[in-house]
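Residue-level structure breakdown
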Amino acid sequence: MGNLIGQSVKRVEDKRFITGKGNYVDDIKIPGMTYAQIVRSPYAHAKIVKVDTSKAEAHAGVVAVFTGKDFADAGIGGVPCGWQVDFKNGDTMREPPHPILVADKARHVGDGVAIVIAEDRYIAKDASELVEVEYEVLDAVTNPAEAIKEGAPLVHDDIPNNTSFDWELGDKVATDEAFENAHHITTLEFVNQRLIPNAIEPRSAIGLYNEATEEYTLYTSSQNPHLIRLLMCAFVLGIPEHKVRVVSPDVGGGFGSKIHHYTEEVLVIWCSKQINRPVKWTAERNESFMTDCHGRDHVTKAEMAFDEEGMLLGLRINTKANMGAYLSTFAPAVPTYLHGTLLQGLYTTPAIHIDLTAAFTHTNVVDAYRGAGRPEAAFLIERLMDTAAREMNMDPAELRRKNFIPPFDGVEQPGYQTQVALQYDSGNYEGVLNKALELADYKGLREEQKKAREEGRIMGIGFSTYVEACGIAPSALVGALGARAGLYEAANVRVEPTGKVTVFTGSHSHGQGHETTFAQIVADNFGIPLEDVKVVHGDTASVPFGMGTYGSRSLAVGGSAIMLSIEKIKAKGGRIAAHLLECSVDDLEFADGKWTVKGTDKSVGFGDVSLTAYVPHNYPDGEEPGLEFSSFYDPANFTFPFGAHIAVVEIDKETGKVELKRYIAVDDVGNVINPMIVDGQVHGGLAQGIGQALLEGAVYDEAGQLLTGSMLDYTMPRADDFPMFEVDRTVTPCPHNPLGVKGAGETGTIASTPAVVNAVIDALSPMGVKDIRMPMTPERVWKAMHQNGN
Amino acid sequence: MKHSISMTVNGKEYSGEVEPRVLLVHFIRDHLGLTGTHIGCDTTQCGACTILMDGAAIKSCTVFAVQAEGAQITTIEGMASNGELHPLQEGFHEEHGLQCGFCTPGMIMTSVELLNQNPNPTEAEIRHGLEGNYCRCTGYHNIVKAVQYAASKQA
């Protein structure tokens, strides 16, 4: 008790997971439950001429079959988008309906056409194959840069040039001028390839309707249960919100893919009422590949302008962002306000401009995936920096150092106003770089590289220094930017009569360890043992409200909401204690779980005060009984973690295979509650970012077929793809939230992709290699090695 | 047509009637109610469904229940004995070898066989031994340390 903040406390949630007692949605069995199989379009773009469900309906064990027509007849439009980004000229964002099941046309491989509900999963699958769909296959387009050209096949007949919106940010005139006056310009054109999140738990949902109470329960593997309830009730089905309970129990990883409101959630709820029985749907892995929101997929031209000294003068970006066939929940925000606003990086660049077009294609929807926009921003900035350093014959670390924004703590020195709307809270960018260089023994590494080259080995060193925005966000600000939701967080802290504490948080843990971290905060503040605190999340019936977990916001926003309730409890507890001790509140101090009259040994413990609050026989006049407070925390600003990463690679001369020899990550996430958990978040993020650099990439062919539709075809990192990571930190507290924390969930993903690509290019630069498309597979690397007649 | 099958799971005798096509993982989860064994991919890629069958780690999504007739099965629920965690379970907890927990049962069951075959593995041997199991949360870093923890504990 006490001093728990900052300790690597072992996780309290572990035991159920290591003993097989976790409770994931697919583990839940309800009497009378039926199983659903969705019939999905095998074509990327096809007119649905006819759907014949008669054979499926006649199959023994089938309970019901519904099609897109049933939803159209019921007047159910589709799942909504939660963010509006209008055109540069003020025209409204083009936002097509995203049907629950399609009736007229399939617009990507995996679009749902019908649902078969049966007594068990085997029968549902058998019968789904008896649904006869007649398709008229149409031409498809999958690349966003192609999709916006005149004459490209249209995803939605009424949306010209497949353009959802265009958007710009920054000062175009000043930026163009900077390029005119530049001594050196570095240019890269690349694809930040599409990724498939692949949480290991497939998405799953159960709909349960109670005919007597007219109430629904939705169990769903979501990062975001309250928002799912709000969107589904208010914007899709028109069900009164208080009649719906959404439960997201244990959830097996999300990485962004489980933030969004999915059609299957609507399907199981609506169907459960039609058949008056519970309906379960669990994705098969190929459905996860086809329909879990994908990430990235930007086609970009990026340019950087420098003066003679290597000082940055300007950054100019043109990006075509792929939205997929529809607009997913947060999709418009990802390439705009989570990407364009991060283009300052950690440099003093005086002029920045981004021009962006968001395109519909005949592919699955693209939305937030770990980092969401920020990895794309860091990638282009950091690839440009390393390339520019090479072109100008400067050391990549020194070029960065030269251009860093000087340290500012946000208290003595003001926050840093960027050219692209955001104001950074606090930063010490040279500090993380110095620490990383030291940890890596940079000088030694360069010597080793020289020696390796003499021996004919191909070794490279790559940098990435980044800043990101977390803790989304001040609600008023994001509202002005097009968010259709507030982005605060809620918490209820309930002190039970015996002094035990239950915390209800609107954040949702699906691996982040909130049950431990949040308990540490509460136990530390109340001076009680960790085991006296229980954290509850993921149930709209018990948690007051919640905006969910994404964008590394749980601790910065959710933790801050808990802190507000803690302070209210301490204040009220102090008044009760003062009454019991017959003194003034001002005479009391609270420490080690008790209120003590200053300068005396007279004290009353947290447990006694708790009991008094619920048995108020001897009680302050006018004080309400009970010791429980709900709070909503709306942040004053985003938080801005930053860091410096260094990758060391060696490339096999014969095969082109890249081996990651060392990976050094120094991050600054503000204050740290549980270092062990933060390190774990960094490790996992690194794996996904390195995966993008070397292994992962979704591939659609010209007809819109997903060629990487299984774990056999889409390469994810396995245990033997990595060395042990070398992880360290500096601490620059966030000046504007009560815990001084910034968020740690995405740092690794954001920083590692450019670091690894830079290392590979560094290794191959003596061969004249300037760029290699991601993922940098042995084949691509080998070809690049041999392209210049080497 | 249904077949009668019986097997020993975590030391207890179970029998049931299944269609020949029912996968062992569905029998374990749906018929026996042992939901600690997870399904991550249905195609033998992810390893979340790994169990021990007659002492060998197998992916139970790729075995029919009828093939397990008479077998000795151990699932994650059978790993702790008398309330005491197996050294691997302890290792995953001590070394923060899990985050969301979904891959964890399969990781632990695979590691049982890994350590049975090689009680004192190098880091590279552990990484190679875990190649058949995906984890998307941990970057494998602390999973490797968890297996090392168990190896030194069992030594």
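Notes on the overall build of chain A
Secondary structure summary: chain A contains 20 helices and 28 strands in total. Since a compact globule built from 790 residues should have a radius of gyration of about 28 Å, the 27 Å found for chain A is in line with a globular shape. Each of the three principal axes of chain A carries a C-alpha extent, and together these read 90 × 75 × 50 Å. The buried share of chain A, taken over its 790 residues, is 65%. Looking at chain A alone, contacts between residues at least 24 apart form 80% of all its contacts between residues at least 6 apart. The average position of the 70 basic charges and that of the 106 acidic charges among the side chains of chain A differ by 3 Å.

Digging into helix H12 (residues 429-440) of chain A
Residue and element names in this part refer to chain A. Compared with the 16 Å implied by 1.5 Å per residue over 12 residues, the 17 Å span of H12 between its first and last C-alpha is a close match. Of the surrounding elements, those touching the buried residues of H12 are helix H11 (396-403), strand E17 (423-424), helix H13 (442-454), strand E18 (458-467), strand E26 (642-651) and strand E27 (658-668). Regarding H12, its N-cap is Asn428, as a side-chain oxygen of that residue lies 3.0 Å from the backbone nitrogen of Gly431 further along.

Some remarks on the sheet that holds E27(A)
All names here are of chain A. Strand order in this open sheet of four strands is E18-E26-E27-E28, and the pairing throughout is mixed. A strand with exactly one partner marks an edge of an open sheet, and here the two such strands are E18 and strand E28 (726-729). Strand-to-strand, the axes of this sheet are offset by a mean angle of 15 degrees, without reference to chain direction. The pairing of E27 with E28 spans four bridges and is classified as parallel. Across the sheet, the residue bridging to Ile664 is Glu726, located in E28. Strand contacts of H12: E18, E26, E27 and E28, with the helix running at about 140 degrees to E27, the strand carrying the most contacts.

A look at the domain arrangement of chain A
Residues and elements named next belong to chain A. Taken domain by domain, chain A consists of domain 1 (16-20 + 34-138 + 201-252 + 258-291), domain 2 (295-472 + 637-786) and domain 3 (488-633). Inter-centroid distance (C-alpha atoms) of domain 1 to domain 3 is 40 Å. In this complex, domain 1 contributes 17 residues to the contact, which on the side of domain 3 involves 16 residues. Taken over both partners, the interface formed by domain 1 and domain 3 buries close to 1,400 Å², and the fraction arising from carbon and sulfur atoms is 53%. For domain 1, the biggest contributors to the area lost against domain 3 are Gln223, His226 and Arg245; these three give 42% of the whole. Counting across the interface, domain 1 meets domain 3 through two salt bridges. Measuring nitrogen to oxygen at the nearest pair gives 2.8 Å for the salt bridge that ties Arg16 to Glu515. Linking domain 1 with domain 3 are 10 residue pairs in polar contact (both at pLDDT 80 or more), by the criterion used here.

Scoring rules and cut-offs
Residues numbered from 1 in each chain as written. Chains lettered and ligands numbered in written order. Predicted model: local features only at pLDDT ≥ 70, side-chain atom pairs only at ≥ 80, totals over all residues. Heavy atoms only, no water. Helix = DSSP H or I, 4+ residues; strand = E, 2+ residues; numbered from the N terminus. Rg over C-alpha atoms; globule rule 2.2 N^0.38 Å. Buried < 20%, exposed > 50% of the residue type's maximum accessible area, 1.4 Å probe, protein only. Contact = heavy atoms within 4.5 Å. Lys, Arg positive; Asp, Glu negative; His and termini not counted. Charge placed at Lys NZ, Arg CZ, Asp CG, Glu CD. Expected span 1.5 Å × (residues − 1). Polar contact = N/O pair within 3.5 Å; in protein donor to acceptor, adjacent residues only side chain to side chain. Pairing = 2+ DSSP bridges. Axes fitted to C-alpha atoms, helices over the stretch in contact; angles between N-to-C directions. Domains from an automatic or database assignment. Buried area = accessible area lost by both parts, 1.4 Å probe. Salt bridge = Lys/Arg side-chain N within 4 Å of Asp/Glu carboxyl O.

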